[in-house]
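Listed here are the chains, written in short residue letters.
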Amino acid sequence: MVYVMSDIHGCSEKYRAMLENIAFAADDTLYVLGDVLDRGPDGFKILLDMAARPNVIGLLGNHELLAAAVLPSLLRTMRQGEEQPLSETEQEQIQEWLQNGGKTSILQFLQFREEEMETVYAYLPSLSPYEEITVLGRQFVLTHAGQDRFSAARPLKE
């Protein structure tokens with residue numbers, strides 16, 4: 001079975017309840033259409049769960065895009081021996097994330113063990129802005145909210 005959901009926004013209890021309610025199995029596929037992060041307390045916890053499941057395909061939402069822009073500088077400032085101040089651009093990116101509900105995600109991320117931080121950091125670039133799928137002979141294009149924010153000039157992967 002193929003399932004699609006979106007805009008979980010850190011609500012891990014609802015995410016897990018949904019998986020249980022549909023009896024999500026190894027031969028099922030779940031597409032999560034972005035905005036896993038922010039507002040609720042457990043967005044990164046959900047991303048860790050998604051990263052551990054090969055049959056859960058995450059797509060990039062605007063909140064993950066904000067996190068992907070900020071996490072490199074956040075990790076850099078946390079590592080010992082790297083005392084580089086944040087650039088003006090990095091400060092603006094953090095401010096934008098905070099203005100869009102990122103405070104809860106940042107606080108959760110800062111409580112993670114280094115291994116969990118690295119897993120999330122490695123998983124974010126794997127999120128695609130869209131997926132083309134065929135279900136029961138019908139073709140679908142899945143995306144969070146259109147393609148305009150994901151131009152070739154602003155790719156997530158470098």
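Since the structure is predicted, the reported quantities are computational estimates derived from the model, not experimental observations.

Novice: How do you make sense of the nonpolar core when you look at a structure like this?
Specialist: Soluble globular proteins: nonpolar side chains tend toward being buried together. Core analysis: the largest hydrophobic core is formed by 34 residues, its most contacted members being Tyr15, Phe44, Leu47, Met50, Phe109 and Val120. Those elements giving two or more residues to this core turn out to be helix 1 (12-21), strand 2 (29-32), helix 2 (43-52), helix 3 (62-78), helix 4 (88-99), helix 5 (103-111) and helix 6 (114-123). Counting residues per element, this core draws most heavily on helix 3, at eight residues. With residues near it in sequence (within four places) discarded, Leu47 still touches Val36, Leu37, Val120, Tyr123 and Leu124. The next biggest cluster of nonpolar side chains, apart from the first, holds five residues, and it includes Tyr31, Leu33, Ile133 and Leu142.

Novice: For this particular structure, what's the right way to read helix 5?
Specialist: Each turn of an α-helix holds 3.6 residues, which means side chains three or four residues apart point in the same direction. Listing the buried residues of helix 5 in full gives Ser105, Ile106, Gln108 and Phe109. Take helix 5 and look down its axis: the buried residues cluster within an arc of 165°, on one side only. Facing away from the buried side of helix 5 by over 90 degrees, the exposed positions are Lys103 and Gln111. On its buried side, helix 5 packs onto helix 2, helix 3, helix 4 and helix 6.

Novice: Can you walk me through the sheet that holds strand 1 (residues 2-5) in this structure?
Specialist: Two orientations exist for strands paired in a sheet by backbone hydrogen bonds: parallel and antiparallel. The parallel open sheet is built from three strands, whose spatial order is 1-2-3. Because the sheet does not close on itself, it has two edges, and the strands there are strand 1 and strand 3 (56-58). Strand-to-strand twist in this sheet, taken as the mean axis angle between neighbours without regard to direction, amounts to 20°. Inspection of the sheet shows strand 1 paired to strand 2 by four bridges, in the parallel sense. Counterpart to Val4 in the pairing with strand 2 is Tyr31. This element, helix 1, spans strand 1, strand 2 and strand 3 of the sheet and lies at about 155° to strand 2.

Novice: Could you clarify how one ought to interpret the packing of aromatic side chains in this entry?
Specialist: The description of an aromatic ring pair rests on the distance of the ring centres and on the angle between the ring planes. Per the counting criterion, the structure on display carries five aromatic pairs. For the ring pair Phe44 and Phe112, a centre distance of 6.4 Å and an interplane angle of 70° mean the geometry is edge-to-face. Of this pair, Phe44 sits in helix 2 while Phe112 sits in the loop between helix 5 and helix 6, and the two are 68 residues apart along the sequence. Note on Phe112: relative accessible area 13%, which makes it buried. Centre to centre, the rings of Phe109 and Phe112 are 6.5 Å apart; their planes meet at 50°, and the pair counts as tilted.

Rules used throughout
- Residues numbered from 1 in each chain as written.
- Predicted model: local features only at pLDDT ≥ 70, side-chain atom pairs only at ≥ 80, totals over all residues.
- Heavy atoms only, no water.
- Core = buried A, V, L, I, M, F, W, Y, C linked by side-chain atoms within 4.5 Å.
- Buried < 20%, exposed > 50% of the residue type's maximum accessible area, 1.4 Å probe, protein only.
- Helix = DSSP H or I, 4+ residues; strand = E, 2+ residues; numbered from the N terminus.
- Contact = heavy atoms within 4.5 Å.
- Arc of directions from axis to C-beta.
- Pairing = 2+ DSSP bridges.
- Axes fitted to C-alpha atoms, helices over the stretch in contact; angles between N-to-C directions.
- Phe/Tyr/Trp six-rings, centres within 6.5 Å; stacked < 30°, edge-to-face > 60°.

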